[in-house]
Amino acid sequence: MLAGCSSSQDAHTLTFWTIGREGEAVVKLLPEFEREYPGIQVKVQQMPLTAAHQKLLTAFAGNSTPDVTQLGNTWLPEFVALRALEPLQQRVAASTVVKPADYFDHIWSTNLIDGSLYGVPWYVDTRLLFYRRDLLKAAGFDAPPRDWAQWRTMLAALSHPDRGSYGILLPTNEYEQLMSLALQQPESMLRDGGRYGNFRSAGFKRALAFYVDTFRLHQAPAITAVEAGNPWEEFGRGVYAFYFSGPWNIGEFRQRLPADRENEWATAALPGPDGGASGAAGGSSLVIFRRSTHKDEAWALIEYLSRPDVQQRFYDLLGDMPARRSAWDGGSLRTDPKVQAFREQLEHVKATPPVPEWEQIANEMQLVAAQAVAGELTIDEAAAEIDRRADRILEKRRWILDHPHATTGSP
């Protein structure tokens, strides 16, 4: 078990669990918080991403949850369903720091479950295109694509599988790429209040067809992330002209590619089916556990980490992009050309379906999509199979929603 729990022996100690590298950066921001609040000491516990979900569930089951944790916005519905989290609407309404209108709209909405607020966005991400500007120019293109038709034309011109080069890398074991294309469609991937899959909709099949055609036309190799090896080196060598990824890779590319090649690559918002820029609303929020005995102190920490100046410093330390628009108005975020495409896309992102089972459904979606890529299923067959698997996963949810008195104990 992880150290630390909400019933700390020291009444002034706040337990804060972080996931991945965020803990390394946040400890550098805490001395100032502890100077402003001399009665509070923050104890940070880092969890590896691969173990964080299970650790949090184990802590909940064992009554040993921390006061505060970061929670990915796809995990939030699950912990709300467990009644593990403290509602935050009243605290936000009284706050002079946390201003909902300053947050990207659809990022904020990922923290609203059935009309109640359970988290405050901490940092955001969305996946878009990294591209080789020099390769596009050599192929006769002066700008990145703005719609799928332009993108297809560019992918065709930049793909030379006989020479070992492709338009784009889309690892077949990662669901984020197909999911992002599907979120650009007018139909949701689930229907009837999240009771059933909606993957046989025209919009999803359009997204799946574009995705599968990219492999069928040999514009992307049908390989997993493990088989892809070092994507930064391959991108630098021109094996891929486009790379679909998130903001953390700005720093990776700058570190791994020579500085004199900085102008050869750039970022661009994900092209929409008929134009526009939209993608998936990703990121992590700060939440307070219901069992915390230090909720006022926990809220003070959330307010501190939500300040625009602190969010700017957090970005400079780690590269995690701020959830607040005002935090983008100063420092390197304002002047760095590589981040502007993210700023553009964050205004138009869409949230994934707010059900606890979503990640499980997305993984099944990708397993079936890989079968379609391999030619084992048609688009219609794949869409029907994803619906079948989603409906099976959602069976318990349907029962609970249809029998509310059985779970609440109401007469």
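Basis of the calculations
Residues numbered from 1 in each chain as written. Predicted model: local features only at pLDDT ≥ 70, side-chain atom pairs only at ≥ 80, totals over all residues. Heavy atoms only, no water. Helix = DSSP H or I, 4+ residues; strand = E, 2+ residues; numbered from the N terminus. Polar contact = N/O pair within 3.5 Å; in protein donor to acceptor, adjacent residues only side chain to side chain. Contact = heavy atoms within 4.5 Å. Core = buried A, V, L, I, M, F, W, Y, C linked by side-chain atoms within 4.5 Å. Buried < 20%, exposed > 50% of the residue type's maximum accessible area, 1.4 Å probe, protein only. Salt bridge = Lys/Arg side-chain N within 4 Å of Asp/Glu carboxyl O.

Looking at where S159 falls in the secondary structure, it is placed in the loop between helix 8 (148-158) and strand 8 (166-169). A distance of 2.6 Å separates a polar side-chain atom of S159 from the backbone oxygen of L155. Not counting residues within four places of it along the chain, the set of residues in contact with S159 comprises S165, Y166, G167, H218 and Q219.

Here the focus is the nonpolar core. Nonpolar side chains in soluble globular proteins generally cluster together in the buried interior. Membership of the largest hydrophobic core comes to 60 residues, with the highest contact counts inside it found for F16, V120, F130 and L305. No other element matches the 7 residues that helix 14 (residues 295-306) contributes to this core. Filtering out sequence-adjacent residues up to four positions away, L305 remains in contact with F16, V26, L29, W122, L286, V310 and Q311. The next biggest cluster of nonpolar side chains, apart from the first, holds 49 residues, and it includes A268, A362, A390 and I393.

What follows covers the pattern of salt bridges. Under the definition given, this model contains 28 salt bridges. Where R256 meets E252, a salt bridge forms, and the shortest distance between an N and an O atom there is 2.8 Å. Here E252 and R256 lie together in helix 13 (residues 248-256), a separation of 4 residues that amounts to about one turn. Notably, a salt bridge pairs R254 with E262, separated by 2.9 Å at the nearest N-O pair. Accessibility expressed as a relative area gives 34% for R254, which makes it partly exposed. Assessed through its relative accessible area of 23%, E262 is described here as partly exposed. Through salt bridges with shared partners, one network takes in E32, E36, R307, D309 and R313.

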